[in-house]
Amino acid sequence: MTIRITGTGSALPEKIVTNFDLQELVDTSDEWIQKRTGIAQRRVSTGETVSTLAAKACQKALEMSGKTVEEVELILVATCSPELLLPCCACQVQDSIGASNAVAFDLNAACAGFLFGLNTAYAYLQSGIYKNALIVGSEVLSKLVDWNDRGTCILFGDGAGAAFVEAAEADIVCENGRRAGLECIVQGSDGAKGMVLSCVERTLNSAFFSGNKIENLFIQMDGQEVYKFATKQVPACIQQALDKSGMTVNDVDWFLLHQANVRIIESVAKHLKADIAKFPMNIHDVGNMSSATIPVLLDACCRSGKIKKGDRIVLSGFGAGLTYGASVLVW
Ligand code: UT7
């Protein structure tokens, strides 16, 4: 038994913020940002929320899959920027799309969240507990970013991506002889390095009890440490996933990586000795949307026809936690 993605969808806020707009806010330049990250613009919420974006992405994914909302059994929202602590975003989405028969909950693995969601759904579906799941990565990071900090505010963007996955009872053999579905997953966490990318929780009562002032409520990042982690861990876990499934880099048609920095993606391609043309990117237009990056990219590649039936895809990401993972699947 495996699982197959049968629908994808995405939703972005209307407002585009360019590097030139950021030049007005902090001491930076379009040239620096493009050269060091590959980002030219990002979307920023002017009212759209994690749950409204997630709900839109889910509706599109369901529409593609041909399933009705009543049939949805599980909704998993991966987010590190929900608009409410309670109720969870997945329950808001359930209500908003009318999926009254679904069980819904959130998970937080930051930028690796969508992959962790996919793997969690895999476990539920494989065990027979549920037959299908909506997996969503949705973020409004613009509210967690310090717009005075040029080291972080240039990187992030808002958006949501979703995938509808179904348990595949019978094999579907593609024209190229490959069996459609998820082939292998690898995931890991390194909590010891957690504070290199952090954001304090806003309801901490330590200030009340100890009188300590909370210095910074926004995302704090040691960019170089995260960079080092990503360029080492991402190729290693992709290789591990390929080894586990008995594949080589040459058996893969597309590598859809977390879009954090073009230089990280290029470095991963180089480490793996893989053709950079196999690494579709959208970071130029939308920046780093944390858990939403991979499903938004997947949706774009799927809808544009870049990804075709029978293509073997590696999804891989990393993020705060620190967390990382890779999944190998045949479309
Ligand atoms: O989803 C995971 C999220 N995080 C990441 O993936 C982050 C991974 N790290 C990175 O992508 C890179 O480390 C950054 C893009 C964040 C920074 O690039 P870098 O090449 O590592 O730059 P740096 O931090 O070494 O800074 C180099 C210089 C510094 O100036 P000095 O000390 O050499 O004078 C910085 O102050 O660039 C300066 N700088 C900037 N200059 C213009 C840092 N940010 C900016 C900026 N505009 N926005």
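Refer to the structure above for everything that follows.
Below, the structure is looked at part by part.

Calculation criteria
Throughout this document, residue positions are counted from 1 along each chain, in the order its sequence is written. Predicted model: local features are reported for residues with pLDDT of at least 70 only, side-chain atom pairs are reported and counted for 80 or more only, and whole-chain, interface and lining totals are derived from all residues. Remark: hydrogens and water are excluded; side-chain values derive from all non-hydrogen atoms of the structure. Strands qualify as paired when DSSP identifies two bridges or more between them. Helix numbers and strand numbers start at the N terminus; a helix is a DSSP run of H or I with at least 4 residues, a strand a run of E with at least 2. Note on geometry: axes are C-alpha line fits, over the in-contact stretch for helices, and angles between N-to-C directions span 0 to 180 degrees. Any pair of residues with heavy atoms lying within 4.5 Å of one another is described as a contacting pair. We call a residue buried when its accessible area falls under 20% of the maximum for its residue type, exposed when it is over 50%, and partly exposed in between, using a 1.4 Å probe and counting protein chains only. The scheme is simple: roughly parallel for angles under 35 degrees, roughly antiparallel for over 145, roughly perpendicular for 65 to 115, oblique for anything else. By definition, turning the near helix anticlockwise from the far helix through less than a right angle yields a left-handed crossing, and turning it clockwise yields a right-handed one. A pairing counts as a salt bridge when a side-chain nitrogen of Lys or Arg comes within 4 Å of a carboxyl oxygen of Asp or Glu. Note on definitions: the grid is 1 Å and covers protein atoms alone; a cavity is a set of points where a 1.4 Å probe fits but cannot get out; a pocket is an open set with protein on both sides within 12 Å along at least five of seven lines; lining residues have an atom within 4 Å of a point. Grid points are joined across faces, edges and corners, and a volume is the space filled by probe spheres set on the points. The nonpolar class holds Ala, Val, Leu, Ile, Met, Phe, Trp, Tyr, Cys and Pro. Asp, Glu, Lys and Arg form the charged class, and all remaining residues, Gly among them, are polar. Proximity is defined per residue: any heavy atom of the residue falling within 4 Å of a molecule or strand makes that residue near it. Polar contact criterion, stated in full: a pair of N or O atoms within 3.5 Å, where within protein one must be able to donate a hydrogen and the other to accept it, and residues adjacent in sequence count only if both atoms are side-chain atoms. Here the open area of atoms and residues is found with the Shrake-Rupley method and a 1.4 Å probe, where only the protein chains shown may cover a residue.

1. Overview of the sheet that holds strand β7 (residues 159-168)
The five strands lie next to each other as β1-β7-β6-β4-β5, forming an open sheet whose pairing is mixed. Unpaired on one side and paired on the other, β1 (2-11) and β5 (103-107) mark the two borders of the sheet. Between one strand and the next, the sheet's axes are offset by a mean angle of 20°, whatever the strand orientation. Direction of pairing for strand β4 (residues 74-78) relative to β5: parallel, over a ladder of five bridges. Along β5, the bridge assignment pairs alanine 78 with leucine 107. Its contacts with the sheet put helix α4 (residues 89-97) on β4, β5 and β6 (132-139), and the angle it makes with β4 is roughly 130°. In the packing of helix α11 (residues 293-303) onto the sheet, contacts are made with β1, β6 and β7, and the angle to β1 comes to roughly 95°.

2. Considering the pairing of strand β11 (residues 254-257)
Residue alternation in β11 divides its side chains into two sets, Trp254 and Leu256 and Phe255 and Leu257, and both sets are buried. Summarising the sheet, β11 and strand β12 (residues 312-319) pair through four bridges and their orientation is parallel. Pairing of tryptophan 254 across the sheet is with isoleucine 313, part of β12.

3. Regarding the sheet that holds β12
Across the sheet, which stays open at both edges, the four strands sit in the order β8-β13-β12-β11 with mixed pairing between neighbours. In this open sheet, the two edge strands, each paired with only one partner strand, are β8 (181-189) and β11. Between one strand axis and the next, the sheet turns by 10° as a mean value, whatever way the strands run. With eight bridges connecting them, β8 and strand β13 (residues 323-330) associate as antiparallel partners. Note on β13: the bridge partner recorded for leucine 182 is leucine 329.

4. Quick notes on the packing of helix α8 (residues 223-244) against helix α9 (residues 262-272)
Across the interface, α8 lies against α9 with an axial gap of 9 Å and an inter-helix angle of 40°. With respect to their mutual orientation, α8 and α9 come out oblique. Between α8 and α9 lies a crossing of right-handed hand. For the pair formed by α8 and α9, the contact residues are Tyr227, Ala230, Thr231, Val234, Pro235, Ile238 and Gln239 on the first element and Arg263, Ile264, Ser267, Val268, His271 and Leu272 on the second.

5. Observations regarding the pattern of salt bridges
For the coordinates displayed, the defined rule picks out nine salt bridges. One salt bridge connects lysine 67 with glutamate 166, and the closest N-O pair in it is separated by 2.9 Å. Taken together, the residues span a long stretch of sequence, with lysine 67 in the loop between α3 (50-65) and β4 and glutamate 166 in strand β7 at a distance of 99 residues. The exposure class of lysine 67 is partly exposed, given its relative accessible area of 26%.

6. Side note on the environment of glycine 157
With respect to the helices, strands and loops of the structure, glycine 157 is situated in the loop between α6 (150-153) and β7. Leave out the neighbours within four places in its chain, and glycine 157 touches Arg42, Arg43, Leu141, Val286, Asn288 and Met289.

7. Re the layout of surface pockets
Considered as a void within the structure, the second largest pocket measures approximately 220 Å³ in volume. Forming the walls of the second largest pocket are 13 residues, and the residues nearest its centre are Arg4, Ile5, Thr6, Lys309 and Trp331. No other element matches the three residues that β1 contributes to the lining of the second largest pocket. Of the residues belonging to the lining of the second largest pocket, the class tally is nine nonpolar, two polar and two charged.

8. Points about the site of the ligand
Residues in close proximity to the ligand total 21 residues, the closest being Thr28, Arg36, Arg150, Gln224 and Asn261. Within the side chain of glutamine 224, an N or O atom sits 2.4 Å from an oxygen atom of the ligand. A distance of 3.1 Å separates an oxygen atom of the ligand from a polar side-chain atom of arginine 263. Protein contacts shield 71% of the accessible area of the ligand, which totals 940 Å² for the unbound molecule. Here the element with the most residues in the shell around the ligand is α8; it accounts for four residues. Per-class residue counts for the shell around the ligand are 10 nonpolar, seven polar and four charged.

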